[in-house]
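# Commentary on secondary and tertiary structure
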Amino acid sequence: MRSIALVAVILPMMFASQFAQAAPCGLAISAKSGTTSATLLELYTSEGCDSCPPADKWFSTLNFARDGVVPLAFHVDYWDYIGWKDRFAKSLFTLRQREAVARQGSRVSYTPQLMLDGRDLRVWSHQAQFQSRVREVSIRPPRASLVIDAVASEKQIEASLSASVALASDRADAALYLAVTESNLSSRVTAGENRGVNLKHDHVVRELIGPITVDAQERAAGKFNTRRTITLGADWKRGDLSLVAFVQNARNGEVLQALSAPLCRG
């Protein structure tokens, strides 16, 4: 895909979710989803793709507390062969993209590709159309609720995640995920299609956990709970990390609810 003109997006919308304020690192944080459906927006990108920087730049303008959009930037590894190895890329993210594409009856993965609530989004650079798609999600009642509790030490995150799926019809295919994202990242690219370019990134997925397994009794009751210890990477900056939780239909990719919470400040 080649670059196309971008329009900055600021959505004039109010969201009822309860947002966590970043606490000093080492103190506990808690976040709870509210009565409005948040929109999960996934960007599949690569530092080795010369069409990606404009999409990355636009993606950085998104803000959960303001826009009701939970942004996740997945760096894929299939462009690494052309000369530049993307340090944020993982084969797991490439697999996630391919599975999402296959759910839509396609075989073609590309970058930059955006998916809004599990569906391909090709109008992302057009403000009015993007706002309309987000608004369609936000007016739907959420079909799940989420609570994140966490504390970050110097070397790890202790996280507790709970989800409740309201409708029995949603429970069989419900899949719970927990992600760690990092913003304020940059790379000086010295090879490949973006050689000589300073790239900046936000909402980059550093770790993705899921689908999280629950037993049959918990699933029947629509209760999904987990506690996880996540080891911080040596180059992760605690003050720029967020925890993201979402419940997704594993069969069709539809997102039942999503939540993002800044981990700490400083």
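For the structure itself, look to the data block above.
Residues numbered from 1 in each chain as written. Predicted model: local features only at pLDDT ≥ 70, side-chain atom pairs only at ≥ 80, totals over all residues. Heavy atoms only, no water.

With that settled, the discussion passes to helix α3 (residues 91-103). Look at α3: 18 Å from first C-alpha to last across 13 residues, which is about the 18 Å you get at 1.5 Å a residue. Considered for burial, the residues of α3 that qualify are F93, T94, R96, Q97, A100 and V101. Each buried residue of α3 sits inside an arc of 160° when the element is viewed along its axis, so together they form one side. Buried residues in α3 make contact with β2 (39-45), β3 (69-75), β4 (113-116), β8 (174-182), β11 (204-209) and β13 (241-249). Downstream of α3 by one or two residues, G105 has phi in the positive range, about 80°. (Helix = DSSP H or I, 4+ residues; strand = E, 2+ residues; numbered from the N terminus. Expected span 1.5 Å × (residues − 1). Buried < 20%, exposed > 50% of the residue type's maximum accessible area, 1.4 Å probe, protein only. Arc of directions from axis to C-beta. Contact = heavy atoms within 4.5 Å.)

Scanning the entire structure with this criterion turns up one disulfide. The residue that forms a disulfide with C25 is C264, at a sulfur-sulfur distance of 2.0 Å. As the torsion about the S-S bond is roughly 55°, the C25-C264 disulfide counts as right-handed. Of the two residues, C25 is situated in the segment before β1 (29-32) and C264 in the segment after β14 (255-262); the sequence distance between them amounts to 239 residues. (Disulfide = S-S within 2.5 Å.)

Another aspect to go through is the pairing of strand β9 (residues 185-188). Residues L185 and S187 line the buried face of β9, whereas the alternating positions S186 and R188 sit on a face that is not buried. Taken together, the four bridges between β9 and strand β10 (residues 198-201) define a ladder with antiparallel strand orientation. Looking at β10, one finds that S186 is bridged to K200. (Pairing = 2+ DSSP bridges.)

On to the pattern of salt bridges. Scanning the model with the defined rule gives 14 salt bridges in all. When the shortest N-O distance is used, the salt bridge between D170 and R143 registers 2.7 Å. One end of the pair, D170, is in helix α5 (residues 168-171); the other, R143, is in the loop between α4 (127-138) and β6 (144-152), with 27 residues separating them in the sequence. Its salt-bridge partner being E182, residue R206 comes within 2.8 Å of it at the nearest N-O pair. Of this pair, R206 sits in strand β11 while E182 is found in strand β8, placing the two residues 24 residues apart along the sequence. Here E182 falls in the buried class, since its relative accessible area comes to 0%. (Salt bridge = Lys/Arg side-chain N within 4 Å of Asp/Glu carboxyl O.)

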